[in-house]
Amino acid sequence: MRVVYREPERTTFTVGGIESFREAERRAHLNASTEVVTLEQVMATPDISFQTGFEEGAELTFVERVRRIDGEALILDLNLFRTSSVPGITEEVARDSIYDYAEGELGVSIAMSKRAITVERATGRDRELLDLGDIDYLAVITSQTFDAQGILIECTRSRHRPDHFCFRDTAVRQRV
């Protein structure tokens, strides 16, 4: 038998599964907190529809959160939730775990997420909310999350300070 496990050197999130920030915090034993900056109802404009995949006119809940790890503001999460799929998001729910609320209290079955990982220049908003110092670029994970019926329920842009960014996955070769 050969053990291929190595202790991660940075805060580690998973890319191959769907894990909430709260679940990652528990798994990785992080000293983390969440600050809710914005919580408001919005309508999907043509631009929002084009960028996210939500149909134009869809009622959405916009949540902007800063994730702190060991007191440092390292992640800015920008979430849009379909209000009809995940109604009643409060500041307390957003600070704790929207996924726990959706699955545990609303009975939503979160099934699948499509993700893209890119690098983008830091914006003024990033500089305002995150502890960036002289950092100019962020790792950005954009995801569309679907329920068990294939309905798009969430679109997220998660903006990570790169010196604390590490997504891990284990790949297994499948010969055809």
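The sections below set out a description of the structure shown in this document. What you see is a predicted model, and the numbers here were worked out from it, not measured in a lab.

Comments concerning the side chain of Glu64
Secondary-structure assignment places Glu64 in strand 3 (residues 59-69). Classification of Glu64 by relative accessible area gives buried; the value is 4%. In terms of polar contacts, Glu64 uses its side chain to reach the side chain of Thr38, at 2.7 Å.

Some thoughts on the environment of Gln51
Following the sequence through the fold, Gln51 ends up in helix 2 (residues 46-52). Distance in space between the C-alpha atoms of Gln51 and Cys155 is 9.3 Å, their sequence separation being 104 residues. A polar atom in the side chain of Gln51 sits 2.9 Å from the side chain of Asp47.

Observations concerning the pattern of salt bridges
Here the structure, examined in full by the defined rule, presents 12 salt bridges. A single network of salt bridges, built from pairs that share partners, joins Glu120, Asp126, Arg157 and Arg159.

Quick word on helix 4 (residues 98-105)
Among the residues of helix 4, those classed as buried are Ile98, Tyr99, Tyr101 and Ala102. All buried residues of helix 4 fall inside an arc of 165° around its axis, so they share one side. Among the exposed residues of helix 4, those pointing more than 90 degrees away from its buried face are Gly104 and Glu105. Summarising the contacts, the buried residues of helix 4 are in contact with strand 3, strand 4 (72-82), helix 3 (91-96), strand 5 (110-121), strand 6 (137-147) and strand 7 (152-160). Two residues or fewer past helix 4, Gly107 is found with a positive phi of approximately 75°.

What counts and how
- Residues numbered from 1 in each chain as written.
- Predicted model: local features only at pLDDT ≥ 70, side-chain atom pairs only at ≥ 80, totals over all residues.
- Heavy atoms only, no water.
- Helix = DSSP H or I, 4+ residues; strand = E, 2+ residues; numbered from the N terminus.
- Buried < 20%, exposed > 50% of the residue type's maximum accessible area, 1.4 Å probe, protein only.
- Polar contact = N/O pair within 3.5 Å; in protein donor to acceptor, adjacent residues only side chain to side chain.
- Salt bridge = Lys/Arg side-chain N within 4 Å of Asp/Glu carboxyl O.
- Arc of directions from axis to C-beta.
- Contact = heavy atoms within 4.5 Å.

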